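Structural description and commentary
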Amino acid sequence: MSDILVYRIGKNLYLNLTNRCTNRCTFCVREQSARYEGYELWLTEGEPSAEALKRAFTRALEEMRGGGEEPEGAVFCGYGEPTLRLDVMLETAEFIHGFGFKTRVNTNGHGSLYYGRNIAPELKGKIDLVNISLNAPDEESYNALCRPQQIGAFAATVAFAGQCKEAGVPCLFSVVDCIPPEQLARCRHIAEEAGVPLRVREYIENA
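Small disclaimer: the values here were computed from a predicted structure and weren't measured.

1. A short note on the pairing of strand β9 (residues 198–201)
Note: strand β8 (residues 171–176) against β9, 4 bridges, orientation parallel. Looking across to β9, one finds that V175 is bridged to V200. Following the chain from β8 across helix α7 (residues 181–194) to the adjacent parallel β9, one finds a crossover that is right-handed.

Written as structure tokens, this is what we have:
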């Protein structure tokens, strides 16, 4: 059975680029199972090329249209961190824009830290919304909850929102509702100071 590169949740098509991630979040569905929403998302055949992702997206789009439906957009989000495949993601996003669809990336916000440069300007015109997983209000709680592999990951996550805003790339913070209310309130304050919206996501217990 071939790896699932594009999958559907609701009216969006999701693109699965990598298993690699710079976090090991305690709440992540990949810590519980290789399956999510009925899909086997763990990549076993290596990381897909942009061409493979384009073909898979085209097939998925044709299937939706064959059922009389049209996707609302495309989301780069699998079992790994999409920005670790930055060039592939951006090439694929440009291809998807050719169909007239909006693109979103769900990211931990470590991309600039990982590459050692500000990657936000590279997203301009290719990624229409950046969803940055904040998930904690300070370094100590972030390290305990998200278990980052890089030093300075929390500060980099917060800074990435500012980099996106400066580059003119729409962004928001998100947190999972498994954190204490006091931490959630402090996350709201961080978002307000950064001038970006905050989305509270429901904790998903994977089957």
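2. Overview of the sheet that holds strand β6 (residues 102–107)
Pairing is mixed across the open sheet formed by 7 strands, whose spatial order is β1-β2-β5-β6-β7-β8-β9. On the outer flanks of this sheet lie β1 (6–9) and β9, each paired with one strand and no other. Neighbour to neighbour, the strand axes of the sheet diverge by 25° on average, direction disregarded. Two elements, β6 and strand β7 (residues 129–133), share 4 bridges in a ladder whose sense is parallel. Bridge assignment links T107 to a residue of β7, and that residue is I132.

3. Some remarks on the nonpolar core
L15, F57, F76, M89, L123, I127 and V130 are the most contacted members of the largest nonpolar core, which has 53 residues in total. Considering every element that reaches this core, the biggest residue donor is helix α1 (residues 50–66), with 8 residues. Setting aside anything within four residues of it in sequence, one finds I127 in contact with F76, M89, L90, A93, T103, R104, V105 and V169.

4. Side note on helix α2 (residues 86–97)
When the terminal C-alpha atoms of α2 are compared, their 16 Å separation across 12 residues agrees well with the 16 Å that a helix rising 1.5 Å per residue should span. Among all positions of α2, only L86, V88, M89, L90, T92, A93 and I96 are buried.

5. A short note on unusual backbone geometry
At N135, a residue that is not glycine, the phi angle is positive and equals roughly 70°. With respect to the element layout, N135 can be found in the loop between β7 and α5 (139–146).

6. So, α5
Given 3.6 residues per turn, any residue in an α-helix points the same way as the ones three and four places further on. Restricting attention to buried positions, one finds in α5 the residues S141, Y142, L145 and C146. Down the axis of α5, the buried set is contained in an arc of 105°. They therefore lie on one face. Opposite the packed face of α5, turned more than 90 degrees from it, sit the exposed residues E140 and A144. In this structure, the buried residues of α5 make contact with β7, α6 (153–167) and α7. Its side-chain oxygen placed 3.2 Å from the backbone nitrogen of E140, D138 serves as the N-cap of α5. A positive phi of about 50° marks R147, the residue just after α5.

7. Side note on the pattern of salt bridges
Taken as a whole and assessed by the stated rule, the structure comprises 9 salt bridges. Note that R117 is salt-bridged to E122, the shortest N-O span being 2.9 Å. The partly exposed category is assigned to R117, whose relative accessible area is 37%. Judged by relative accessible area, which is 29%, E122 ranks as partly exposed. When salt bridges with common partners are traced through the structure, they connect R20, E47 and R85 into a single cluster.

8. Some details on the environment of C178
In this fold, C178 is placed in the loop between β8 and α7. In this structure C178 comes out as partly exposed when scored by relative accessible area, which is 38%. With 43 residues separating them in the primary sequence, C178 and N135 have C-alpha atoms 9.0 Å apart.

9. Description of the packing of aromatic side chains
Summed over all chains, the structure comprises 9 aromatic pairs. A centroid spacing of 4.9 Å and a plane angle of 90° characterise the contact between Y114 and Y115, whose relative ring orientation is edge-to-face. Take Y114: its relative accessible area is 35%, and that puts it in the partly exposed class. The exposure class assigned to Y115 is partly exposed, which follows from its relative accessible area of 26%. Consider the rings of Y142 and F154, whose centres lie 5.6 Å apart with planes at 55°: the pair is tilted. With Y142 in helix α5 and F154 in helix α6, the pair connects residues that are 12 residues apart, well separated along the chain.

Cut-offs applied
The written sequence of each chain sets the order in which its residues are numbered from 1. Residue-level local features of this predicted model are given only where pLDDT is at least 70; pairs of side-chain atoms are given and counted only at 80 or more, and the full residue set underlies all totals for whole chains, interfaces and linings. Here the side-chain values reflect all heavy atoms present in the structure, with hydrogen atoms and water set aside. Strand pairing requires that DSSP identify at least two bridges connecting the strands. Put simply, DSSP H or I for four residues or longer makes a helix, DSSP E for two residues or longer makes a strand, and each gets a number counted from the N terminus. A clockwise course of the path from the first strand over the helix to the second, judged with the strands pointing away from the viewer, identifies a crossover as right-handed. To define axes, lines are fitted to C-alpha atoms, for helices over the stretch in contact only, and angles between the resulting N-to-C directions are given on a 0 to 180 degree scale. What is meant by a nonpolar core is a set of buried Ala, Val, Leu, Ile, Met, Phe, Trp, Tyr and Cys residues, joined one to another through side-chain atoms within 4.5 Å. Each residue gets one of three labels from its accessible area relative to the maximum for its type: buried under 20%, exposed over 50%, partly exposed in between, using a 1.4 Å probe on protein chains only. Only heavy atoms matter for contacts: two residues are in contact if any of them lie within 4.5 Å across the pair. Here, expected helix span is obtained from the residue count minus one, scaled by 1.5 Å. Arc definition: directions from the helix axis to the C-beta atoms. Side-chain atoms alone can form a polar contact between residues adjacent in sequence; in general such a contact is a pair of N or O atoms within 3.5 Å, and within protein one must be able to donate a hydrogen while the other accepts it. What counts as a salt bridge is simple: a side-chain nitrogen of Lys or Arg found within 4 Å of a carboxyl oxygen of Asp or Glu. Centre distance within 6.5 Å is the pairing criterion for rings of Phe, Tyr and Trp, where only the six-membered ring of Trp is used; planes under 30 degrees apart are then read as stacked, over 60 as edge-to-face, and the remainder as tilted.

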